[in-house]
Amino acid sequence: MSWLFGIGKKSQDDIPSIQLPHPPSGGGGDAAGAGTASSGGGGGGFFGGKQMDAYHFDSAALERAAKAARELEQSRYAKEALDLTKQQEASKQLELQKQIKEYEAHMEQLKVEQTRVHQEERRKTLAEETKHQNQRAQYQDQLARKRYDEQLAQQARMQEENLRKQEESVRKQEAERLATMEREAALRHKNEVSRLEAKYRAKAKADRENQDLIRENIKLQASEKRKMVLESITTVGGVLGSGFDAFISNWDKVTATALGITLVGAGLYSSKYGLGLAAKFIESRFGKPSLVRETSRFTAVGALKHPIQTIKNMQLKPEDTLKGIVLKPELEEKLRDVAIATRNTKRNKRFYQNLLVYGPPGTGKTMFVKSLARHCGMDYAIMTGGDVVPLGETAVTAIHKVFDWAQTSRKGVLLFVDEADAFLRDHHKELISENLRHALNAFLYRTGEQSKKFMLVLASNQAEQFNSAINDRLDMMIKFDHPGLEERERMVRQYFEAYVLKPALEKSLKVEQFDYGAKCKQIAAVTEGFSGREISKMALAWQVQASISEDGTLTEKRVDVIVYEALQQHKVKMEWHQKRAELHKSRSEVDPLPSSLPTH
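Rules behind the numbers
- Residues numbered from 1 in each chain as written.
- Predicted model: local features only at pLDDT ≥ 70, side-chain atom pairs only at ≥ 80, totals over all residues.
- Heavy atoms only, no water.
- Helix = DSSP H or I, 4+ residues; strand = E, 2+ residues; numbered from the N terminus.
- Buried < 20%, exposed > 50% of the residue type's maximum accessible area, 1.4 Å probe, protein only.
- Contact = heavy atoms within 4.5 Å.
- Areas by Shrake-Rupley, 256 points an atom, 1.4 Å probe, with all protein chains shown as cover.
- Phe/Tyr/Trp six-rings, centres within 6.5 Å; stacked < 30°, edge-to-face > 60°.
- Pairing = 2+ DSSP bridges.
- Axes fitted to C-alpha atoms, helices over the stretch in contact; angles between N-to-C directions.
- Salt bridge = Lys/Arg side-chain N within 4 Å of Asp/Glu carboxyl O.
- Patch = residues over 30% accessible without salt bridge, like charges linked within 9 Å, V, L, I, M, F, W, Y side chains within 5 Å.
- Parallel < 35°, antiparallel > 145°, perpendicular 65-115°, else oblique.
- Left-handed = near helix turned anticlockwise from the far one by under 90°.
- Nonpolar A, V, L, I, M, F, W, Y, C, P; charged D, E, K, R; others polar.

Here we look at the overall build of the chain
Along the chain, the regular secondary structure elements total 16 helices and eight strands. Residues classed as buried in the chain amount to 26% of the 600 residues present. Counting contacts in the chain only where the partners sit at least 6 residues apart, residues at least 24 apart contribute 79% of the total. When the accessible surface of the chain is split by element, carbon and sulfur atoms take 56% of a total near 43100 Å².

Shown next, in the form of structure tokens:
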């Protein structure tokens, strides 16, 4: 019964409630009284007395406890009470372990939460640092760009100042040269006047002194000349008169003379028209009409002027339609379909389709037409509408010659009319001359039906000005627009390689080492709105800049200067274009075209 003495570390609440017998009131009264006095507030207890000499052990309580233990051991519920106590102790131990585990889990969860919060704070800190770094990099980039723009502007100002000084120096030198020439001319004129004055004074003096002799000499010469003329007239008249009398009196001579004159006239007339027909046949076969500016068809005059180029044109093989031409992907796909359809049309000898290509200048329209003709194995002929306008009354004949010449081709002719709106415009909207109207009617007459001999391709920057009958003759319309960012980058790379890198490999010029790809990408980004022709001219300017430099080297700085100048020129062109558009709009609003135009 060790739990009664606290050996098992049981608390007072864990001891089962058992009714113990009360001690007798006799012999144990003093002990009980002493115990009560010690626990209560008596004067003779452990804490209550003012004069406590020694500690008195209460053995009565120990005896009562021993007695209670004996009674408990003798009780029939002792074992059950002990088991119940053990079970309660085990349950409390489990609860304690559970609380410990929960506490440990809670601590782990607090650690995880603390780690997550720490990671979140660290992520936010990194994000803020990254943001600050990006802002710092953007600010530094803006500063670098600003410094670069200021440097380019300063270089441009320096170049303008040097150019102004050179022009001023040239003007001064020219003024001094002109002043020197004027002084020399004045002195020369003064000397010449003095010389002539002296000469004619001497001659006049001699004439005055010999006046009588000169007069007699003139009279003598006039008399001899009159006499000689009269004798000549008399002699010629006599000869002609006798000859005419003899010719009239002989009728055989008269008949032979008349017959000879008739034969000579007939020969001259037949020779004239025969040579005209032969020349027209030769011109239709081997020449080219005057309206055709450029053609790949064999001509005798072209072969004599450019024999090597003629041989090369005859040896050309079909190639890719878009070789060397950079366009948008959707436009390239459409043009390849046109090339395939045209080639199959020529192969199967079917009717050609008429085509309209329109858009801003310098976007690759003429290059595509030439490449299309070579791809399909046809001859191309290029004429411009501006050449028809000044022909006047002969415009109709010239147009018929072009179509007659195209009809004689065995390979087929791709007739390309550039600036077609110059003479094919709508006469109901604009007042045109009578000759231009006749030229338009002749063109409409020759293109009224589809042809197996030629394919008509019109090009215009203002397709909305075409006559409605011209629009009716077109089977397909394709718009060429300014290149986008990717197309500009491809163009810059292509022209940089053709005009700079290729000559550098051939040792004809030098190029400074820098990142060519990054530079081409940068140039493509800043040349928004440029046409292909403008980019090509800019690349050609790089080559020229390298050629005229002192060391013959194209540096990155010189490339940037050329690009800056091209951007300024493009800006000026755009301003001119906008002013012209505003002027045209104001004129159309102030002076609109009449609703009905006269026929003559």
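Some thoughts on the packing of aromatic side chains
Enumeration according to the criterion identifies eight aromatic pairs in this entry. Residues phenylalanine 423 and phenylalanine 443 carry aromatic rings whose centres are separated by 5.6 Å and whose planes lie at 90° to one another, so their mutual orientation is edge-to-face. Separated by 20 residues along the polypeptide, phenylalanine 423 in the loop between β4 (413-418) and α11 (434-446) and phenylalanine 443 in helix α11 bring together distant segments of the chain. When its relative accessible area of 2% is taken as the criterion, phenylalanine 443 is described as buried. With a centroid separation of 4.8 Å and an interplanar angle of 85°, the aromatic rings of phenylalanine 514 and tyrosine 516 are classed as edge-to-face. Phenylalanine 514 gets classed as buried once you look at its relative accessible area, which sits at 12%.

Observations regarding the sheet that holds strand β5 (residues 454-460)
What links the strands of a sheet is backbone hydrogen bonding, and the strands pair in either a parallel or an antiparallel sense. With mixed pairing, six strands are arranged side by side in an open sheet as β1-β3-β4-β5-β2-β6. The sheet terminates laterally at β1 (292-295) and β6 (476-479), the two strands that pair on one side only. Across the sheet, the mean angle from the axis of one strand to that of its neighbour is 20°, orientation sign disregarded. Pairing between β1 and strand β3 (residues 379-384): three bridges, direction antiparallel. Its bridge partner being in β3, threonine 295 is matched across the sheet by alanine 381. Along the sheet, helix α8 (residues 329-348) makes contact with β2 (355-358), β5 and β6, crossing β6 at roughly 145°.

Points about the pattern of salt bridges
Overall, the coordinates contain 19 salt bridges when judged by the stated rule. Arginine 195 serves as the salt-bridge partner of glutamate 192, at 2.3 Å between the closest nitrogen and oxygen. Here glutamate 192 pairs with arginine 195, and both are found in helix α3 (residues 78-209), just three residues apart, close to one helical turn. Classification of glutamate 192 as partly exposed rests on a relative accessible area of 33%.

Digging into a nonpolar patch on the surface
Among the surface-exposed residues, Tyr103, Met107 and Leu110 lie close enough to one another that they form a single nonpolar patch of about 300 Å² accessible area. Position of leucine 110 relative to the elements: it lies in helix α3.

Examining the packing of helix α13 (residues 485-505) against helix α14 (residues 516-526)
The geometry of α13 relative to α14 is characterised by a closest axis approach of 8 Å and an angle of 130° between their N-to-C directions. Between α13 and α14, the crossing angle belongs to the class labelled oblique. For the crossing formed where α13 meets α14, the hand is right-handed. Between α13 and α14, the contacting residues are Leu485, Arg488, Glu489, Val492, Arg493, Phe496 and Leu501 on the first element and Tyr516, Gly517, Cys520, Lys521, Ile523, Ala524 and Ala525 on the second. Along the lines of polarity and charge, the residues of the contact of α13 with α14 split into nine nonpolar, one polar and four charged.

That is the geometry; function is a separate question.
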